[in-house]
Amino acid sequence: MEILSLLADGFATSLTPINIMVVVIGVTAGLFIGAMPGLGSVNGVAIVLPLTFIVPPSSAIILLAAIYYGAMYGGAISSILLGIPGASTAVATTFDGRPMAQQGKAGLALIAAAVASFVGGTISVILFTLFAVPLADLALAFGPAEEFALVLMAFTTFVGLGGDDVMKTIVMICLGLVLSTVGLDLISGQPRLIFGDLPGFYSGISFLVLAIGVYGVGEVLYTIETSRTAPSVTAAKLTMRALGEGIREMNKLWKTMSFGSFLGFFVGMLPAAGATPAALMSYGLAKTFSKKPETFGRGNIEGVAAPETANNAASTGSLLPMLTLGIPGSPTTALLLGGMVMWGLVPGPMLFIEEPDFVWGLISSLYTANVAAVVINIALIPLFVWALRMPFSVLCTVVLVLCIVGGYAPSQKLHDVWLIAGFGIAGYVLRKADYPLAPLVLAIVLGPLMEKSFRQALISSQGDMMTFVERPLSATFVGLSVLFFVLPVIKLVRQRKSKSPAPAE
């Protein structure tokens, strides 16, 4: 009852006219920021952060949280309509969202993403409200060994993303891990793999540059080469009937969405994990346990629902260690943490006691932001779907321009533009050779986190590899990693045995 009373007080704060306006503005801005390739929740929060001093701290954090929420919704838009993930959190949505759009189901894919995001956000906010303090204690128990084991488990779920050719998937994961080590060494600071002392490689290879290259430029090159004539883009229309059919279709996926929501929340609350591994793990597990795994990557609506519930749930979960421990759960929450410090607030367990109006106002605003995000997102779907009606020549030009601008804007280095061109050609060649691109991009996203936690764990244990199985949580994750790696291999062996002809008697 005490929680309900505090939550009611929070709604009294979040439902004031100024805060409702702040939520609507933040969600709308976040939706467009998330839909823009090259931008994302981190960029959106960073851009708006200096402007928050004109409003009270409670309204400021509500605005930034609403942008964060909206960007999570918006990331699916460019993934589905253009095949370019606006941020790493939306990579997994591309796998089935883009094929659905190419099949004339763009409206259904966007509805699925919006509904799944709403479900994931709602379940995670309820969990946040009920179990904030106990879950914070669990997150505090995570050390480098547990972080490494968690990322390892995420990688083993990727094996199921590459189709039947497990070896090609493993090769692409290894290539992505190699690319993630380009730059300065984490411990010694020495440059490594900088390709002849080129200055541009000192800062490493950005995920965004690789993703835009292989998914944006590479996809355009492949489409131009494989299409003898300009492909006709289906004019997808969204009506109330289509909306109702989409919602009824999503009702069949309640198990997938529920599992993705819980998984996303628990992974998101772990320090330094964030929404990206949550979305990837949810997609990989949904495919592993699906009755029709072969349909994933070809326009399966479940492949849109699974990562979208997980990444939105993780965005809420990542706020938990920030508020209760002062430990950011993602790059975006690190910016939110910096904003709180600038406003004179000290994150930690005492924040719930000393600033209850602020804390519960923020928690209640997550409910209102979630509702506002799904309403605004669905209302603007016709505008997003309109992009598919452009002539193919115009659409290719727009995609290439967005690729160049999106890759250049964050760093403002021409070096990244050349990298995008190189990765675009490489992505086209790999696509022709039937190599899966998803594991490559995912490995470069999680590679730095994996290396950091691995080396920290070995340094603290003085090089003892047993540290990864001596601790209960890390041992559990390692065991699950082995299981997730073996399952696709066993399934593949069984399929090959069933296809082999029976010996003649």
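Under the annotation held in an unreviewed UniProt entry, the chain carries the name Putative tricarboxylic transport membrane protein and is attributed to Rhodovulum euryhalinum.

Asks: Please give an account of the overall build of the chain that cites residues and values.
Replies: A tally of helices and strands in the chain yields 23 helices and two strands. Per-residue burial over the chain gives 55% buried out of 505 residues. Sequence separation of at least 24 residues holds for 78% of the intrachain contacts in the chain that already meet a minimum separation of 6. Put simply, the chain shows about 21600 Å² of open surface, and 69% of that area lies on carbon and sulfur atoms.

Asks: Would you mind going over the packing of aromatic side chains in detail, with residue names and values included?
Replies: Applying the stated rule across the entire model yields seven aromatic pairs. On the numbers, 5.1 Å between centres and 45 degrees between planes, the contact of Phe148 with Phe454 is tilted. Separated by 306 residues along the polypeptide, Phe148 in helix H7 (residues 144-158) and Phe454 in helix H21 (residues 438-460) bring together distant segments of the chain. Residue classification places Phe148 among the buried residues on the basis of a relative accessible area of 12%. The class for Phe454 is partly exposed, based on a relative accessible area of 26%. Between Phe454 and Phe468, the ring centres sit 5.6 Å apart and the planes meet at 5 degrees, which makes this aromatic pair stacked. With Phe454 in helix H21 and Phe468 in helix H22 (residues 467-470), this pair connects stretches of sequence that are 14 residues apart. Each member of the aromatic cluster is reached from another via a ring pair, and the members are Phe95, Tyr283 and Phe296.

Asks: Could you give me a rundown of the nonpolar core, with the residues and numbers involved?
Replies: Counting 140 residues, the largest nonpolar core has Tyr215, Met250 and Met340 as the members making the most contacts within it. Broken down by element, this core gets its largest block of residues, 16 residues, from helix H4 (residues 57-81). Non-local contacts of Tyr215, meaning those with residues more than four positions away in its chain, are made with Gly83, Ile84, Pro85, Val91, Thr94, Phe95, Leu437, Ala438 and Val441.

Asks: Tell me about unusual backbone geometry, residues and numbers included.
Replies: In this structure, Leu193 is a non-glycine residue whose phi angle is positive, near 50 degrees. Here Leu193 is to be found in the loop between strand E2 (191-192) and helix H9 (207-226). The exposure class assigned to Leu193 is partly exposed, which follows from its relative accessible area of 43%. Phi angles above zero are rare outside glycine, and Gln462 is one such case at about 60 degrees. Checked against the element boundaries, Gln462 lands in the loop between H21 and H22. On the basis of relative accessibility, which here comes to 76%, the residue Gln462 falls in the exposed class.

Asks: Pulling in residues and values, what's your account of the pattern of salt bridges?
Replies: Evaluated as defined, the whole model comprises five salt bridges. Measuring nitrogen to oxygen at the nearest pair gives 2.9 Å for the salt bridge that ties Arg455 to Asp185. Of the two residues, Arg455 is situated in helix H21 and Asp185 in the loop between strand E1 (183-184) and E2; the sequence distance between them amounts to 270 residues. What makes Arg455 partly exposed here is its relative accessible area of 24%. Across the pair Glu451 and Arg455 runs a salt bridge whose closest N-O atoms are separated by 3.0 Å. Taken together, the residues span about one helical turn, with Glu451 and Arg455 both in helix H21 at a distance of four residues. For Glu451, a relative accessible area of 16% puts it in the buried group. Three or more residues are tied together by salt bridges with common partners; here these are Asp185, Arg192, Glu451 and Arg455.

Asks: Go over helix H5 (residues 91-102), please, and point to the residues and values.
Replies: With twelve residues, H5 ought to run about 16 Å at 1.5 Å a step, and its terminal C-alpha atoms sit 17 Å apart, in line with that. A large share of H5 lies buried, amounting to eleven of its twelve residues. Restricting attention to buried positions, one finds in H5 the residues Val91, Ala92, Thr93, Thr94, Phe95, Asp96, Gly97, Arg98, Pro99, Met100 and Ala101. Looking one or two places after H5, you find Gly104, whose phi comes out positive at around 85 degrees.

Asks: Give a detailed account of the packing of helix H2 (residues 17-35) against helix H17 (residues 356-379), specifying residues and quantitative values.
Replies: It is at 9 Å that the axes of H2 and H17 come closest, and there the two elements cross at 50 degrees. With respect to each other, H2 and H17 are oriented oblique. For the pair H2 and H17, the crossing hand works out as right-handed. Only Thr368, Ala369, Ala372, Ala373, Ile376 and Asn377 of H17 make contact with H2, whose side of the interface consists of Val23, Val24, Val27, Thr28 and Leu31.

Asks: Tell me about helix H12 (residues 275-288), and please be specific about residues and values.
Replies: Helix length check: H12 (14 residues) gives 20 Å between terminal C-alpha atoms against 20 Å at 1.5 Å per residue, within 8%. Most of H12 sits out of view: 14 of its 14 residues are buried.

Asks: Summarise the confidence of the model for the chain; cite the residues concerned and give the values.
Replies: In this model, the chain carries a mean pLDDT of 78, and residues with pLDDT of at least 70 account for 82%. Mean pLDDT in the chain bottoms out at helix H3 (residues 41-48), which sits at 68, and peaks at helix H20 (residues 414-432), which reaches 88. Confidence over residues 230-236 falls short of pLDDT 50; this stretch has 14 contacts with residues more than four positions distant or in other chains.

Asks: Give a description of the packing of H5 against helix H13 (residues 302-317) that names residues and reports values.
Replies: Close contact between H5 and H13 brings their axes to 8 Å; oriented N to C, the two are set at 145 degrees. Regarding H5 and H13, the two cross each other, and that crossing is left-handed. In this structure, H5 uses Ala92, Thr93, Asp96, Gly97 and Met100 to contact H13, whose residues at the interface are Gly303, Val304, Pro307, Glu308 and Asn311.

Asks: Please set out a negative patch on the surface residue by residue, giving values where relevant.
Replies: Taken together, the side chains of Asp9, Glu354, Glu355 and Asp357 make up a negatively charged region of the molecular surface. Along the chain, the position of Glu354 falls in helix H16 (residues 351-354).

Conventions adopted
- Residues numbered from 1 in each chain as written.
- Predicted model: local features only at pLDDT ≥ 70, side-chain atom pairs only at ≥ 80, totals over all residues.
- Heavy atoms only, no water.
- Helix = DSSP H or I, 4+ residues; strand = E, 2+ residues; numbered from the N terminus.
- Buried < 20%, exposed > 50% of the residue type's maximum accessible area, 1.4 Å probe, protein only.
- Contact = heavy atoms within 4.5 Å.
- Areas by Shrake-Rupley, 256 points an atom, 1.4 Å probe, with all protein chains shown as cover.
- Phe/Tyr/Trp six-rings, centres within 6.5 Å; stacked < 30°, edge-to-face > 60°.
- Core = buried A, V, L, I, M, F, W, Y, C linked by side-chain atoms within 4.5 Å.
- Salt bridge = Lys/Arg side-chain N within 4 Å of Asp/Glu carboxyl O.
- Expected span 1.5 Å × (residues − 1).
- Axes fitted to C-alpha atoms, helices over the stretch in contact; angles between N-to-C directions.
- Parallel < 35°, antiparallel > 145°, perpendicular 65-115°, else oblique.
- Left-handed = near helix turned anticlockwise from the far one by under 90°.
- pLDDT = per-residue confidence, 0-100.
- Patch = residues over 30% accessible without salt bridge, like charges linked within 9 Å, V, L, I, M, F, W, Y side chains within 5 Å.
- Lys, Arg positive; Asp, Glu negative; His and termini not counted.
- Charge placed at Lys NZ, Arg CZ, Asp CG, Glu CD.

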